[in-house]
Amino acid sequence: MNEQQRNVLRTKAGDFRTYSLVLFALGAFFYLGTIIPGALETAKKPFALVAVAGCLAAALYCSRRAARYVCQLEEEENSFEP
């Protein structure tokens, strides 16, 4: 793997880590909207909780992708050591 490919993996790992943090924060704000009394109608709360679950699932997916790219980088760097 050349330096350009390693830089691409580092960039992807950083991007997915950022996506994960943003999605986690968005899910937290949606959740806060569901627990604040009077913020949502009772009929809309299930939809908001589905949005919370979706955001947290997407955050988990992005976090795992970032970890996978970091592992690939570490394996590549360790393969060069004698």
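These figures come from a predicted structure and were not determined experimentally.

Cut-off values and rules
- Residues numbered from 1 in each chain as written.
- Predicted model: local features only at pLDDT ≥ 70, side-chain atom pairs only at ≥ 80, totals over all residues.
- Heavy atoms only, no water.
- Phe/Tyr/Trp six-rings, centres within 6.5 Å; stacked < 30°, edge-to-face > 60°.
- Helix = DSSP H or I, 4+ residues; strand = E, 2+ residues; numbered from the N terminus.
- Buried < 20%, exposed > 50% of the residue type's maximum accessible area, 1.4 Å probe, protein only.
- Expected span 1.5 Å × (residues − 1).
- Contact = heavy atoms within 4.5 Å.
- Core = buried A, V, L, I, M, F, W, Y, C linked by side-chain atoms within 4.5 Å.
- Axes fitted to C-alpha atoms, helices over the stretch in contact; angles between N-to-C directions.
- Parallel < 35°, antiparallel > 145°, perpendicular 65-115°, else oblique.
- Left-handed = near helix turned anticlockwise from the far one by under 90°.
- Nonpolar A, V, L, I, M, F, W, Y, C, P; charged D, E, K, R; others polar.

## Structural notes on the packing of aromatic side chains
Right, so step 1: Per the stated rule, a full pass over the model turns up two aromatic pairs.
Right, so step 2: On the numbers, 5.7 Å between centres and 80° between planes, the contact of Phe16 with Tyr19 is edge-to-face. Note that Phe16 and Tyr19 are positioned in helix α1 (residues 3-35) at a spacing of three residues, about one turn of the helix.
Right, so step 3: Note on Phe16: relative accessible area 16%, which makes it buried.
Right, so step 4: Here the aromatic residues Phe16, Tyr19 and Tyr69 are joined through ring pairs into a cluster of three or more.

## Here we look at helix α2 (residues 45-79)
Right, so step 1: Between the first and last C-alpha of α2 there are 51 Å, a value that for 35 residues agrees with the 51 Å anticipated at 1.5 Å per step.
Right, so step 2: Among all positions in α2, only Ala48, Val52, Cys55, Ala59, Cys62, Ala66, Tyr69, Leu73 and Glu76 are buried.
Right, so step 3: Buried residues belonging to α2 abut α1.

## Structural notes on the nonpolar core
Right, so step 1: Counting seven residues, the largest nonpolar core is built from Leu9, Ala13, Phe16, Cys62, Ala66, Tyr69 and Leu73.
Right, so step 2: Within the residue set of this core, elements represented by two or more residues are α1 and α2.
Right, so step 3: For this core, the element with the most residues is α2, which contributes four residues.
Right, so step 4: The contacts of Ala13, once residues within four sequence positions are left out, are Ala66, Tyr69 and Val70.

## Describing the packing of α1 against α2
Right, so step 1: For the pair α1 and α2, the least separation of the axes is 8 Å and the interaxial angle reads 160°. Classified by the interaxial angle, the pair formed by α1 and α2 is roughly antiparallel. At the point where α1 passes α2, the crossing takes the left-handed sense.
Right, so step 2: Of the residues contributing to the contact of α1 with α2, the split by class is 22 nonpolar, five polar and eight charged.

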